[in-house]
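Each chain, written out:
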Amino acid sequence: QVQLVESGGGLVQAGGSLRLSCVGSGIAFSAYDMGWYRQSPGKQRELVARITRSGSTNYADSVKGRFTITRDDAKNTVYLQMDRLNPGDTAVYYCKLVRTLFSSYWGQGTQVTVSS
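Structure report, in brief. Since the structure is predicted, the reported quantities are computational estimates derived from the model, not experimental observations.

## Structural notes on the packing of aromatic side chains
Now for step 1: A full pass over the atoms with the stated rule returns two aromatic pairs.
Now for step 2: With a centroid separation of 5.0 Å and an interplanar angle of 70°, the aromatic rings of Tyr37 and Trp106 are classed as edge-to-face. Pair noted here: Tyr37 is in strand 4 (residues 33-39) and Trp106 is in strand 10 (residues 103-106), with a separation of 69 residues, a long-range link.
Now for step 3: Ring geometry for Tyr94 versus Trp106: centroids 6.4 Å apart, planes at 85°, classification edge-to-face. Taken together, the residues span a long stretch of sequence, with Tyr94 in strand 9 (residues 91-100) and Trp106 in strand 10 at a distance of 12 residues.
Now for step 4: Accessibility expressed as a relative area gives 14% for Tyr94, which makes it buried.
Now for step 5: We classify Trp106 as partly exposed; its relative accessible area is 34%.
Now for step 6: An aromatic cluster of three or more residues is present, and its members are Tyr37, Tyr94 and Trp106.

Printed below as a string of structure tokens:
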């Protein structure tokens, strides 16, 4: 059974930082592309950052230069370092493992709240 568990969310003041972690079990991360997504109330879930199995990354324009996605396949973990947070970053953040074009796994999400 595949499980993805996010952690590291919380309440932070604008300008602060958080590091999210996504730990997986039941599947080896090394073979798959991984991503972080977020969803705020009334909005669609959106891609924040993605990292391929070879380590290539891409980011949403809104987080470029502030967020960094990394992976540690030995620990079956993907991270999202979030710096210079602003209230617009408030959302539930989800980890995603892309197994195939038509199949993926999601974590349960972790809440990030940025106060002004």
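## A few points about the nonpolar core
Now for step 1: Grouped together as the largest cluster of nonpolar side chains are 28 residues, with contacts concentrated most on Trp36, Val78, Leu80, Met82 and Tyr93.
Now for step 2: When contributions to this core are tallied by element, the ones reaching two or more residues are strand 3 (18-25), strand 4, strand 5 (46-51), strand 7 (67-72), strand 8 (77-82), strand 9 and strand 11 (110-115).
Now for step 3: A per-element tally of this core places strand 9 first, with four residues.
Now for step 4: With residues near it in sequence (within four places) discarded, Val78 still touches Leu20, Ser21, Cys22, Phe29, Met34, Trp36, Ile51, Ile69, Thr70, Arg71 and Cys95.

## Things to note about unusual backbone geometry
Most peptide bonds are trans, and most residues other than glycine sit at a negative phi.
Now for step 1: The backbone of Asn76 shows a phi angle near 55°, a positive value even though the residue is not glycine.
Now for step 2: The exposure class assigned to Asn76 is buried, which follows from its relative accessible area of 13%.
Now for step 3: Its identity is not glycine, yet Arg84 carries a phi of approximately 50°, on the positive side.
Now for step 4: You can see Arg84 is positioned in the loop between strand 8 and strand 9.

## Details of the sheet that holds strand 8
Now for step 1: Taken together, four strands build an open sheet; the order of strands is 1-3-8-7 and the sheet is antiparallel. Sheet topology places strand 1 (3-7) and strand 7 at the edges, where each strand pairs with a single neighbour. Each strand of the sheet is rotated relative to its neighbour by a mean of 15°, with strand direction disregarded.

The rules behind each value
- Residues numbered from 1 in each chain as written.
- Predicted model: local features only at pLDDT ≥ 70, side-chain atom pairs only at ≥ 80, totals over all residues.
- Heavy atoms only, no water.
- Phe/Tyr/Trp six-rings, centres within 6.5 Å; stacked < 30°, edge-to-face > 60°.
- Helix = DSSP H or I, 4+ residues; strand = E, 2+ residues; numbered from the N terminus.
- Buried < 20%, exposed > 50% of the residue type's maximum accessible area, 1.4 Å probe, protein only.
- Core = buried A, V, L, I, M, F, W, Y, C linked by side-chain atoms within 4.5 Å.
- Contact = heavy atoms within 4.5 Å.
- Pairing = 2+ DSSP bridges.
- Axes fitted to C-alpha atoms, helices over the stretch in contact; angles between N-to-C directions.

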